[in-house]
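Spelled out, the chains give:
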Amino acid sequence: MGGDQDDVALEYKRVAEGTHGLLTAVGQSLAYIDKGYNGAVIVIPRSYSSHGHPAEHVVSILDSNEIDGRVGVFDYEDPDKSSPYPFRGRIRCIRPITVAPSAIGKRPSASKPSTQWVHLREGSTTRDVIYCYLKSAILLAGGGSAPPSYGIPEEMVSAVSRIDATADVEEFLGYTSDSSLGSQIWKDFWFKYVATPEVLTPFKRSGSTYVAPAAFTKVLKDDGSGHSQIFEGRANGLKETICTRLNDGVIAEDQAWEEMANGISISSGQNKQGVRSRAHSYREDVDSAVAQLQWIDNSGQPTDEGYRFVSICERFGGPNSSAAVKYFGATLIQTGHYGTFLHYVHRLSEEIFLDDPLAFSKSKGGVSVFDEDSYWEYLRVLQSHMENDLKVLRKVSGRSRPRSRTIFQAELTFLRKYGFIPESRSNRYRLGVGLPINWVRVNEAMQVEL
(Lines give C-alpha, C1' and ligand atoms only; values in the text may rest on other atoms or scores of the structure.)
Protein backbone atom coordinates (compact mmCIF):
# COMPACT_ATOMS: atom_id res chain seq x y z
CA MET A 1 0.00 0.00 0.00
CA GLY A 2 1.30 3.44 -0.79
CA GLY A 3 0.13 7.01 -0.51
CA ASP A 4 -1.19 8.96 2.45
CA GLN A 5 -3.52 7.64 5.11
CA ASP A 6 -6.09 9.37 7.31
CA ASP A 7 -5.88 9.43 11.09
CA VAL A 8 -9.06 7.93 12.52
CA ALA A 9 -9.30 7.31 16.28
CA LEU A 10 -11.02 4.21 17.63
CA GLU A 11 -12.98 4.26 20.90
CA TYR A 12 -13.71 0.61 21.75
CA LYS A 13 -15.98 -0.45 24.60
CA ARG A 14 -16.18 -3.93 26.14
CA VAL A 15 -19.29 -5.56 27.58
CA ALA A 16 -17.76 -5.50 31.07
CA GLU A 17 -17.52 -1.70 31.02
CA GLY A 18 -21.30 -1.33 31.11
CA THR A 19 -23.55 1.48 29.92
CA HIS A 20 -21.80 4.10 32.07
CA GLY A 21 -19.04 4.09 29.43
CA LEU A 22 -21.32 5.27 26.61
CA LEU A 23 -21.19 8.97 27.44
CA THR A 24 -17.44 8.63 28.04
CA ALA A 25 -17.12 7.19 24.55
CA VAL A 26 -19.00 10.12 23.04
CA GLY A 27 -16.87 12.64 24.93
CA GLN A 28 -13.63 10.87 24.04
CA SER A 29 -14.52 10.71 20.34
CA LEU A 30 -15.17 14.47 20.31
CA ALA A 31 -11.84 15.00 22.07
CA TYR A 32 -10.10 13.06 19.28
CA ILE A 33 -11.72 15.33 16.70
CA ASP A 34 -10.64 18.37 18.70
CA LYS A 35 -7.06 17.03 18.72
CA GLY A 36 -7.07 17.05 14.93
CA TYR A 37 -7.99 13.50 13.90
CA ASN A 38 -9.80 13.08 10.58
CA GLY A 39 -12.55 11.19 12.34
CA ALA A 40 -13.44 8.91 15.25
CA VAL A 41 -15.26 5.59 15.45
CA ILE A 42 -17.15 4.37 18.51
CA VAL A 43 -17.40 0.58 18.68
CA ILE A 44 -19.73 -0.82 21.37
CA PRO A 45 -21.46 -4.12 22.19
CA ARG A 46 -24.73 -5.00 20.45
CA SER A 47 -26.45 -4.96 23.83
CA TYR A 48 -25.91 -4.71 27.58
CA SER A 49 -27.93 -6.46 30.26
CA SER A 50 -29.31 -3.04 31.22
CA HIS A 51 -29.79 -1.66 27.69
CA GLY A 52 -31.00 -3.49 24.59
CA HIS A 53 -29.87 -0.99 21.92
CA PRO A 54 -26.85 1.04 23.13
CA ALA A 55 -25.56 1.92 19.65
CA GLU A 56 -28.85 3.50 18.66
CA HIS A 57 -28.81 5.41 21.95
CA VAL A 58 -25.34 6.81 21.19
CA VAL A 59 -26.46 7.82 17.68
CA SER A 60 -29.45 9.68 19.14
CA ILE A 61 -27.10 11.60 21.48
CA LEU A 62 -24.83 12.56 18.56
CA ASP A 63 -27.72 13.56 16.32
CA SER A 64 -29.57 15.56 18.98
CA ASN A 65 -26.39 17.53 19.65
CA GLU A 66 -25.82 18.04 15.90
CA ILE A 67 -22.47 16.23 15.89
CA ASP A 68 -21.40 15.85 12.28
CA GLY A 69 -20.46 12.70 10.42
CA ARG A 70 -16.84 12.67 11.57
CA VAL A 71 -18.02 10.44 14.43
CA GLY A 72 -19.17 7.00 13.31
CA VAL A 73 -20.84 4.31 15.41
CA PHE A 74 -20.55 0.54 15.05
CA ASP A 75 -21.77 -2.30 17.25
CA TYR A 76 -20.66 -5.90 17.55
CA GLU A 77 -21.80 -9.30 18.76
CA ASP A 78 -19.57 -11.65 20.73
CA PRO A 79 -16.85 -13.02 18.45
CA ASP A 80 -16.72 -16.63 17.30
CA LYS A 81 -13.42 -17.58 18.89
CA SER A 82 -13.31 -20.88 17.01
CA SER A 83 -13.08 -19.10 13.66
CA PRO A 84 -10.09 -17.43 12.00
CA TYR A 85 -12.58 -14.64 11.20
CA PRO A 86 -14.07 -14.11 14.69
CA PHE A 87 -16.03 -10.95 13.87
CA ARG A 88 -17.20 -11.87 10.36
CA GLY A 89 -20.89 -10.93 10.08
CA ARG A 90 -20.92 -9.72 13.69
CA ILE A 91 -20.16 -6.00 13.23
CA ARG A 92 -22.78 -3.51 12.05
CA CYS A 93 -22.43 0.09 10.94
CA ILE A 94 -25.09 2.12 12.77
CA ARG A 95 -23.79 5.58 11.89
CA PRO A 96 -21.39 5.90 8.91
CA ILE A 97 -18.26 7.98 9.33
CA THR A 98 -17.35 10.85 7.02
CA VAL A 99 -13.61 11.46 7.06
CA ALA A 100 -12.68 15.15 7.09
CA PRO A 101 -9.39 17.03 6.51
CA SER A 102 -7.12 16.68 9.52
CA ALA A 103 -5.39 19.40 11.54
CA ILE A 104 -2.53 17.01 12.29
CA GLY A 105 -1.74 16.40 8.64
CA LYS A 106 -1.35 13.36 6.45
CA ARG A 107 1.02 10.57 7.38
CA PRO A 108 2.83 8.38 4.85
CA SER A 109 1.48 4.85 5.06
CA ALA A 110 4.96 3.33 5.34
CA SER A 111 5.44 4.96 8.74
CA LYS A 112 2.63 2.90 10.25
CA PRO A 113 3.02 -0.61 11.66
CA SER A 114 2.36 -3.22 8.96
CA THR A 115 0.79 -5.79 11.30
CA GLN A 116 -1.63 -6.05 14.22
CA TRP A 117 1.24 -7.33 16.35
CA VAL A 118 4.48 -5.71 17.46
CA HIS A 119 7.06 -4.85 14.80
CA LEU A 120 10.38 -6.50 15.67
CA ARG A 121 13.68 -7.11 13.90
CA GLU A 122 16.16 -9.80 14.84
CA GLY A 123 19.26 -7.61 15.20
CA SER A 124 17.82 -4.27 16.25
CA THR A 125 15.15 -5.17 18.81
CA THR A 126 16.93 -7.67 21.02
CA ARG A 127 16.33 -7.62 24.77
CA ASP A 128 19.58 -5.77 25.47
CA VAL A 129 18.84 -3.18 22.78
CA ILE A 130 15.50 -2.46 24.45
CA TYR A 131 17.11 -2.50 27.91
CA CYS A 132 19.83 -0.03 26.89
CA TYR A 133 17.33 2.21 25.11
CA LEU A 134 15.13 2.28 28.22
CA LYS A 135 18.16 3.16 30.36
CA SER A 136 18.77 6.19 28.14
CA ALA A 137 15.08 7.08 28.36
CA ILE A 138 15.04 6.81 32.16
CA LEU A 139 18.19 8.95 32.40
CA LEU A 140 17.00 11.77 30.16
CA ALA A 141 13.29 11.68 31.01
CA GLY A 142 14.27 11.84 34.68
CA GLY A 143 16.20 15.06 34.23
CA GLY A 144 19.66 13.56 33.74
CA SER A 145 22.13 14.76 31.15
CA ALA A 146 23.77 13.10 28.18
CA PRO A 147 27.58 13.16 28.15
CA PRO A 148 29.12 16.33 26.64
CA SER A 149 30.73 14.24 23.90
CA TYR A 150 30.39 10.70 22.56
CA GLY A 151 33.98 10.63 21.29
CA ILE A 152 33.16 10.56 17.58
CA PRO A 153 36.52 10.14 15.75
CA GLU A 154 37.92 13.33 14.27
CA GLU A 155 38.23 11.65 10.87
CA MET A 156 34.46 11.00 10.96
CA VAL A 157 33.73 14.59 12.02
CA SER A 158 35.79 15.82 9.04
CA ALA A 159 34.05 13.38 6.69
CA VAL A 160 30.61 14.64 7.73
CA SER A 161 31.69 18.25 7.20
CA ARG A 162 32.85 17.36 3.68
CA ILE A 163 29.52 15.69 2.95
CA ASP A 164 27.48 18.56 4.41
CA ALA A 165 29.32 21.61 5.71
CA THR A 166 26.23 22.80 7.60
CA ALA A 167 25.44 19.51 9.34
CA ASP A 168 25.74 18.85 13.06
CA VAL A 169 27.77 15.64 13.23
CA GLU A 170 25.62 13.93 15.89
CA GLU A 171 22.39 14.86 14.14
CA PHE A 172 23.79 13.68 10.80
CA LEU A 173 25.09 10.33 12.05
CA GLY A 174 22.08 9.78 14.32
CA TYR A 175 19.58 10.85 11.66
CA THR A 176 17.87 13.38 13.94
CA SER A 177 16.79 16.91 13.19
CA ASP A 178 15.24 18.22 16.40
CA SER A 179 15.86 18.45 20.14
CA SER A 180 12.74 16.57 21.26
CA LEU A 181 13.01 14.15 24.17
CA GLY A 182 12.64 11.24 21.76
CA SER A 183 15.55 12.44 19.63
CA GLN A 184 17.72 13.06 22.70
CA ILE A 185 17.03 9.55 23.95
CA TRP A 186 17.78 8.11 20.54
CA LYS A 187 21.12 9.89 20.18
CA ASP A 188 22.20 8.87 23.67
CA PHE A 189 21.37 5.23 22.97
CA TRP A 190 22.82 5.22 19.44
CA PHE A 191 26.22 6.73 20.28
CA LYS A 192 26.58 5.23 23.75
CA TYR A 193 25.72 1.62 22.93
CA VAL A 194 25.82 1.07 19.14
CA ALA A 195 27.74 3.69 17.11
CA THR A 196 30.69 3.85 19.50
CA PRO A 197 34.03 5.34 18.35
CA GLU A 198 35.30 1.82 17.57
CA VAL A 199 32.19 0.93 15.57
CA LEU A 200 32.38 4.23 13.65
CA THR A 201 35.95 3.42 12.51
CA PRO A 202 35.83 1.83 9.02
CA PHE A 203 39.25 0.16 8.81
CA LYS A 204 42.60 -0.62 10.37
CA ARG A 205 45.96 -1.49 8.86
CA SER A 206 47.43 -4.98 9.04
CA GLY A 207 50.82 -4.46 7.52
CA SER A 208 50.12 -2.99 4.11
CA THR A 209 46.58 -4.32 3.97
CA TYR A 210 43.35 -2.66 5.07
CA VAL A 211 41.08 -4.91 7.15
CA ALA A 212 37.81 -4.47 9.06
CA PRO A 213 38.66 -3.54 12.66
CA ALA A 214 36.55 -6.29 14.31
CA ALA A 215 34.67 -3.80 16.48
CA PHE A 216 31.69 -4.78 18.62
CA THR A 217 28.79 -2.76 19.94
CA LYS A 218 28.01 -2.60 23.66
CA VAL A 219 24.78 -4.51 23.06
CA LEU A 220 24.55 -8.18 23.97
CA LYS A 221 23.06 -10.74 21.59
CA ASP A 222 19.97 -12.63 22.74
CA ASP A 223 21.70 -16.01 22.49
CA GLY A 224 24.27 -15.04 25.12
CA SER A 225 27.21 -15.45 22.71
CA GLY A 226 28.61 -11.98 23.32
CA HIS A 227 28.20 -8.49 21.90
CA SER A 228 26.71 -7.80 18.50
CA GLN A 229 28.42 -6.38 15.45
CA ILE A 230 27.10 -3.86 12.97
CA PHE A 231 28.54 -2.72 9.64
CA GLU A 232 30.95 -5.69 9.65
CA GLY A 233 31.21 -9.39 10.32
CA ARG A 234 30.06 -10.52 6.86
CA ALA A 235 32.11 -10.94 3.71
CA ASN A 236 30.00 -8.26 2.03
CA GLY A 237 29.61 -5.97 5.06
CA LEU A 238 30.06 -2.23 4.74
CA LYS A 239 33.51 -2.18 6.33
CA GLU A 240 34.65 -5.25 4.39
CA THR A 241 33.52 -3.57 1.17
CA ILE A 242 35.31 -0.33 2.11
CA CYS A 243 38.52 -2.26 2.85
CA THR A 244 38.33 -4.06 -0.50
CA ARG A 245 37.95 -0.71 -2.26
CA LEU A 246 40.91 0.69 -0.30
CA ASN A 247 43.10 -2.32 -1.09
CA ASP A 248 42.13 -2.13 -4.78
CA GLY A 249 43.02 1.56 -4.90
CA VAL A 250 39.47 2.58 -5.81
CA ILE A 251 39.21 5.05 -2.90
CA ALA A 252 41.52 6.85 -0.49
CA GLU A 253 41.19 6.91 3.32
CA ASP A 254 39.23 10.18 3.40
CA GLN A 255 36.68 8.66 1.03
CA ALA A 256 36.52 5.54 3.20
CA TRP A 257 35.36 7.65 6.15
CA GLU A 258 32.79 9.36 3.94
CA GLU A 259 31.46 6.00 2.73
CA MET A 260 31.26 4.84 6.34
CA ALA A 261 29.08 7.85 7.13
CA ASN A 262 26.97 7.92 4.00
CA GLY A 263 27.01 4.37 2.66
CA ILE A 264 27.88 3.05 -0.78
CA SER A 265 25.65 3.04 -3.86
CA ILE A 266 26.08 -0.21 -5.78
CA SER A 267 24.91 0.03 -9.38
CA SER A 268 24.59 -3.72 -9.93
CA GLY A 269 23.59 -4.87 -6.45
CA GLN A 270 22.28 -3.95 -3.01
CA ASN A 271 23.40 -0.57 -1.65
CA LYS A 272 25.41 -0.59 1.57
CA GLN A 273 23.81 1.37 4.40
CA GLY A 274 26.12 3.86 6.07
CA VAL A 275 25.89 5.05 9.66
CA ARG A 276 23.33 7.74 8.85
CA SER A 277 20.83 5.56 6.97
CA ARG A 278 21.30 2.65 9.40
CA ALA A 279 20.53 4.97 12.30
CA HIS A 280 17.26 5.85 10.57
CA SER A 281 16.12 2.25 10.03
CA TYR A 282 17.40 1.11 13.44
CA ARG A 283 15.47 3.90 15.15
CA GLU A 284 12.29 2.99 13.29
CA ASP A 285 12.62 -0.56 14.60
CA VAL A 286 13.32 0.44 18.21
CA ASP A 287 10.77 3.26 18.39
CA SER A 288 8.06 1.03 16.97
CA ALA A 289 8.91 -1.88 19.29
CA VAL A 290 8.99 0.07 22.58
CA ALA A 291 5.80 1.93 21.64
CA GLN A 292 3.88 -1.22 20.69
CA LEU A 293 5.15 -3.06 23.76
CA GLN A 294 3.89 -0.01 25.71
CA TRP A 295 7.23 0.50 27.47
CA ILE A 296 7.51 4.12 26.25
CA ASP A 297 4.58 6.52 26.04
CA ASN A 298 3.89 9.06 23.30
CA SER A 299 5.93 11.76 25.03
CA GLY A 300 9.03 9.56 25.29
CA GLN A 301 8.59 8.81 28.98
CA PRO A 302 9.12 5.20 30.14
CA THR A 303 5.92 3.55 31.35
CA ASP A 304 5.51 1.49 34.53
CA GLU A 305 6.01 -1.66 32.46
CA GLY A 306 9.15 -0.21 30.91
CA TYR A 307 10.56 0.55 34.36
CA ARG A 308 9.61 -2.97 35.43
CA PHE A 309 11.59 -4.57 32.60
CA VAL A 310 14.66 -2.49 33.50
CA SER A 311 14.23 -3.39 37.17
CA ILE A 312 14.02 -7.10 36.33
CA CYS A 313 17.18 -6.88 34.23
CA GLU A 314 19.06 -5.10 37.01
CA ARG A 315 17.84 -7.37 39.83
CA PHE A 316 18.24 -10.75 38.15
CA GLY A 317 21.45 -10.51 36.11
CA GLY A 318 20.72 -8.58 32.94
CA PRO A 319 18.50 -8.89 29.87
CA ASN A 320 19.59 -12.48 29.21
CA SER A 321 18.57 -13.67 32.68
CA SER A 322 15.73 -16.19 32.86
CA ALA A 323 13.52 -13.61 34.60
CA ALA A 324 14.06 -11.04 31.83
CA VAL A 325 13.49 -13.66 29.12
CA LYS A 326 10.23 -14.73 30.78
CA TYR A 327 8.97 -11.16 31.14
CA PHE A 328 9.92 -10.18 27.58
CA GLY A 329 8.30 -13.30 26.12
CA ALA A 330 5.11 -12.72 28.11
CA THR A 331 5.01 -9.11 26.92
CA LEU A 332 5.34 -10.28 23.30
CA ILE A 333 2.37 -12.62 23.69
CA GLN A 334 0.16 -10.22 25.63
CA THR A 335 0.89 -6.57 24.87
CA GLY A 336 2.77 -7.28 21.63
CA HIS A 337 -0.13 -9.42 20.37
CA TYR A 338 2.02 -12.33 19.25
CA GLY A 339 -0.73 -14.38 20.87
CA THR A 340 -3.08 -12.87 18.28
CA PHE A 341 -0.69 -13.86 15.49
CA LEU A 342 -0.61 -17.45 16.80
CA HIS A 343 -4.41 -17.46 17.00
CA TYR A 344 -4.64 -16.53 13.33
CA VAL A 345 -2.03 -19.14 12.37
CA HIS A 346 -3.84 -21.84 14.35
CA ARG A 347 -7.35 -21.10 13.10
CA LEU A 348 -6.31 -20.66 9.47
CA SER A 349 -4.27 -23.88 9.59
CA GLU A 350 -7.17 -25.71 11.19
CA GLU A 351 -9.46 -24.54 8.39
CA ILE A 352 -6.95 -25.49 5.66
CA PHE A 353 -6.14 -28.98 6.97
CA LEU A 354 -9.73 -29.79 7.91
CA ASP A 355 -10.53 -29.38 4.21
CA ASP A 356 -7.48 -31.36 3.10
CA PRO A 357 -5.26 -33.10 5.70
CA LEU A 358 -2.60 -33.60 3.01
CA ALA A 359 -2.56 -29.97 1.87
CA PHE A 360 0.83 -28.80 0.53
CA SER A 361 2.32 -32.30 0.79
CA LYS A 362 4.45 -33.87 -1.95
CA SER A 363 4.33 -37.48 -3.02
CA LYS A 364 7.74 -39.10 -2.61
CA GLY A 365 7.96 -42.82 -3.28
CA GLY A 366 4.23 -43.13 -2.84
CA VAL A 367 4.32 -41.40 0.54
CA SER A 368 2.86 -37.95 1.27
CA VAL A 369 5.59 -35.73 2.71
CA PHE A 370 5.32 -32.21 4.12
CA ASP A 371 8.78 -30.89 3.26
CA GLU A 372 10.59 -27.55 3.15
CA ASP A 373 8.88 -26.55 -0.11
CA SER A 374 5.52 -27.47 1.43
CA TYR A 375 6.35 -25.32 4.45
CA TRP A 376 7.05 -22.18 2.39
CA GLU A 377 3.96 -22.74 0.25
CA TYR A 378 1.91 -23.09 3.45
CA LEU A 379 3.37 -19.86 4.86
CA ARG A 380 2.62 -18.02 1.62
CA VAL A 381 -1.03 -19.10 1.89
CA LEU A 382 -1.20 -17.95 5.53
CA GLN A 383 0.31 -14.62 4.53
CA SER A 384 -2.23 -14.20 1.72
CA HIS A 385 -5.15 -14.91 4.07
CA MET A 386 -3.87 -12.45 6.66
CA GLU A 387 -3.25 -9.78 4.06
CA ASN A 388 -6.27 -10.16 1.78
CA ASP A 389 -8.99 -11.72 3.95
CA LEU A 390 -8.30 -10.84 7.57
CA LYS A 391 -6.69 -7.47 6.74
CA VAL A 392 -4.30 -7.82 9.70
CA LEU A 393 -1.18 -7.65 7.56
CA ARG A 394 -0.14 -5.26 4.85
CA LYS A 395 2.99 -5.08 2.76
CA VAL A 396 5.08 -1.95 3.19
CA SER A 397 7.16 -0.94 0.21
CA GLY A 398 8.52 2.33 1.55
CA ARG A 399 11.26 0.75 3.64
CA SER A 400 14.66 -0.01 2.21
CA ARG A 401 16.41 -3.08 3.59
CA PRO A 402 19.92 -4.34 2.85
CA ARG A 403 18.71 -7.93 2.40
CA SER A 404 15.45 -9.52 1.28
CA ARG A 405 13.36 -11.13 4.01
CA THR A 406 11.45 -14.40 4.13
CA ILE A 407 7.77 -14.79 5.04
CA PHE A 408 7.11 -13.98 8.73
CA GLN A 409 10.87 -13.97 9.29
CA ALA A 410 10.84 -11.85 12.45
CA GLU A 411 7.67 -13.38 13.89
CA LEU A 412 8.88 -16.97 13.54
CA THR A 413 12.38 -16.11 14.78
CA PHE A 414 11.08 -14.53 17.98
CA LEU A 415 8.46 -17.21 18.55
CA ARG A 416 11.18 -19.87 18.32
CA LYS A 417 13.48 -17.87 20.57
CA TYR A 418 10.91 -17.88 23.38
CA GLY A 419 9.80 -21.48 22.89
CA PHE A 420 6.32 -20.78 21.53
CA ILE A 421 7.06 -22.86 18.42
CA PRO A 422 9.79 -25.53 17.93
CA GLU A 423 13.32 -24.23 17.34
CA SER A 424 14.71 -27.42 15.81
CA ARG A 425 14.53 -27.34 12.01
CA SER A 426 13.34 -30.96 11.94
CA ASN A 427 10.27 -30.06 14.06
CA ARG A 428 9.32 -26.72 12.50
CA TYR A 429 6.40 -28.10 10.52
CA ARG A 430 4.15 -31.13 10.51
CA LEU A 431 1.90 -32.87 7.97
CA GLY A 432 -1.76 -32.03 8.56
CA VAL A 433 -0.83 -29.37 11.15
CA GLY A 434 1.50 -26.87 9.54
CA LEU A 435 3.16 -24.85 12.30
CA PRO A 436 3.15 -26.69 15.67
CA ILE A 437 2.39 -24.29 18.54
CA ASN A 438 3.46 -24.88 22.14
CA TRP A 439 0.17 -23.91 23.76
CA VAL A 440 1.44 -24.80 27.22
CA ARG A 441 4.20 -22.20 26.89
CA VAL A 442 1.75 -19.66 25.40
CA ASN A 443 -0.67 -20.20 28.29
CA GLU A 444 2.16 -19.76 30.81
CA ALA A 445 3.08 -16.46 29.13
CA MET A 446 -0.55 -15.32 29.28
CA GLN A 447 -0.56 -15.84 33.05
CA VAL A 448 2.49 -13.65 33.72
CA GLU A 449 1.50 -10.41 35.43
CA LEU A 450 2.93 -7.49 33.50
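Residues numbered from 1 in each chain as written. Predicted model: local features only at pLDDT ≥ 70, side-chain atom pairs only at ≥ 80, totals over all residues. Heavy atoms only, no water.

Quick one: what's the story with the overall build of the protein chain, residue by residue and with numbers?
Summing up its helical and strand segments, the protein chain has 15 helices and 10 strands in all. Its C-alpha atoms give the protein chain principal-axis dimensions of about 85 × 65 × 50 Å. Taken over 450 residues, the protein chain has a buried fraction of 46%. Sequence separation of 24 or more characterises 67% of the internal contacts of the protein chain that already satisfy a separation of 6 or more. When the 50 positive and 55 negative side-chain charges of the protein chain are each reduced to one mean point, those points stand 4 Å apart. (Helix = DSSP H or I, 4+ residues; strand = E, 2+ residues; numbered from the N terminus. Buried < 20%, exposed > 50% of the residue type's maximum accessible area, 1.4 Å probe, protein only. Contact = heavy atoms within 4.5 Å. Lys, Arg positive; Asp, Glu negative; His and termini not counted. Charge placed at Lys NZ, Arg CZ, Asp CG, Glu CD.)

I'd love a proper account of the pattern of salt bridges, names of residues and values included.
Within this structure, the stated rule accounts for 21 salt bridges. Residue E258 pairs with R162 through a salt bridge whose shortest N-O separation is 2.5 Å. Residue E258 is found in helix α8 (residues 253-262), and its partner R162 is found in helix α4 (residues 154-163); the two are separated by 96 residues along the sequence. R162 gets classed as partly exposed once you look at its relative accessible area, which sits at 40%. (Salt bridge = Lys/Arg side-chain N within 4 Å of Asp/Glu carboxyl O.)

So what about the nonpolar core? Which residues, and what values?
L173, W190, F309, Y378 and M386 are the most contacted members of the largest nonpolar core, which totals 99 residues. Setting aside residues no more than four positions away along its own chain, Y378 makes contact with V345, S349, F353, F360, F370, V433, G434 and L435. By size, the runner-up hydrophobic cluster in this structure holds 18 residues, among which are A25, I33, I42 and I61. (Core = buried A, V, L, I, M, F, W, Y, C linked by side-chain atoms within 4.5 Å.)

With reference to specific residues and values, describe the packing of aromatic side chains.
Applying the stated criterion across every chain, the model contains 31 aromatic pairs. Arranged with centres 6.0 Å apart and planes meeting at 80°, the rings of Y76 and F87 form a pair that is edge-to-face. Highlighted residues: Y76 in strand β4 (residues 71-76) and F87 in the loop between β4 and β5 (91-95), separated in sequence by 11 residues. Residue Y76 is classed as buried on the basis of its relative accessible area of 5%. What links up through ring pairs into an aromatic cluster is the set F353, F360, F370, Y375, W376, Y378 and Y429. The residue whose ring lies beneath R88 is Y85, and the NZ or CZ to ring-centre distance is 3.9 Å. Above the plane of the ring of Y210 lies R205, whose end atom (NZ or CZ) is 4.4 Å from the centre. (Phe/Tyr/Trp six-rings, centres within 6.5 Å; stacked < 30°, edge-to-face > 60°. Lys NZ or Arg CZ within 6 Å of the ring centre and 35° of its normal.)

Please set out the side chain of R416 residue by residue, giving values where relevant.
Take R416: it is sitting in helix α14 (residues 409-417). Buried and unpaired, R416 has E423 as its nearest opposite-charge partner, separated by 7.5 Å. Within the local environment of R416, its side chain forms a polar contact with the side chain of Y375, the two groups lying 3.2 Å apart. Once residues within four sequence positions are removed from consideration, R416 is found in contact with Y375, I421, P422, E423 and R428. (Polar contact = N/O pair within 3.5 Å; in protein donor to acceptor, adjacent residues only side chain to side chain.)

Provide a residue-level description of the confidence of the model for the protein chain, including the pertinent values.
Of the residues in the protein chain, 94% have a pLDDT of 70 or more, and the chain-wide mean is 90. Contacts from residues 106-113, a stretch scored under 50 in pLDDT, to residues over four places away or in other chains number 20 contacts. (pLDDT = per-residue confidence, 0-100.)

Which residues make up the packing of helix α3 (residues 127-141) against helix α9 (residues 275-292), and what values go with them?
At their nearest, the axes of α3 and α9 sit 11 Å apart, and the two run at 80° to each other. Taken together, the axes of α3 and α9 lie roughly perpendicular to each other. Listed contacts from α9 to V129, I130 and Y133 of α3 are Y282, V286, D287, A289 and V290. Taken together, the residues of the contact of α3 with α9 sort by class into 7 nonpolar, no polar and 1 charged. (Axes fitted to C-alpha atoms, helices over the stretch in contact; angles between N-to-C directions. Parallel < 35°, antiparallel > 145°, perpendicular 65-115°, else oblique. Nonpolar A, V, L, I, M, F, W, Y, C, P; charged D, E, K, R; others polar.)

A description of the sheet that holds β4 should follow, citing residues and the corresponding values.
The mixed open sheet is built from 4 strands, whose spatial order is β2-β3-β4-β5. Since the sheet does not close on itself, it has two edges, and those belong to β2 (8-12) and β5, each with one partner. The sheet shows a mean angle of 25° between the axes of neighbouring strands, taken without regard to direction. The pairing of β2 with strand β3 (residues 39-45) spans 5 bridges and is parallel. Each residue of the ladder has a partner; that of L10, found in β3, is V41. (Pairing = 2+ DSSP bridges.)

An account of the side chain of T196 is needed here, citing residue identities and associated values.
Mapped onto the secondary structure, T196 falls in the loop between α6 (181-194) and β7 (204-206). We classify T196 as buried; its relative accessible area is 2%. Beyond its immediate sequence surroundings of up to four residues, T196 is in contact with F191, F216 and K218.

I'd like a description of the pairing of β3, backed by residues and values.
The buried count for β3 comes to 7 of 7 residues, which makes it a mostly enclosed element. Viewed along the sheet, the connection from β2 through helix α1 (residues 21-35) into β3 turns out right-handed. Note that β3 and β4 share 6 bridges and pair parallel. Bridged to I42 within β4 is V73. With helix α2 (residues 54-64) bridging β3 and the parallel β4, this β-α-β connection has right-handed handedness. (Right-handed = clockwise from strand over helix to strand, strands pointing away.)

I'd love a proper account of the packing of α1 against α2, names of residues and values included.
In the contact formed by α1 and α2, the axes pass within 11 Å of each other and the chain directions differ by 45°. The orientation of α1 relative to α2 falls into the category oblique. Along this stretch, α1 crosses α2, giving a crossing that reads as right-handed. Between α1 and α2, the contacting residues are L22, L23 and V26 on the first element and P54, H57, V58, I61 and L62 on the second. (Left-handed = near helix turned anticlockwise from the far one by under 90°.)

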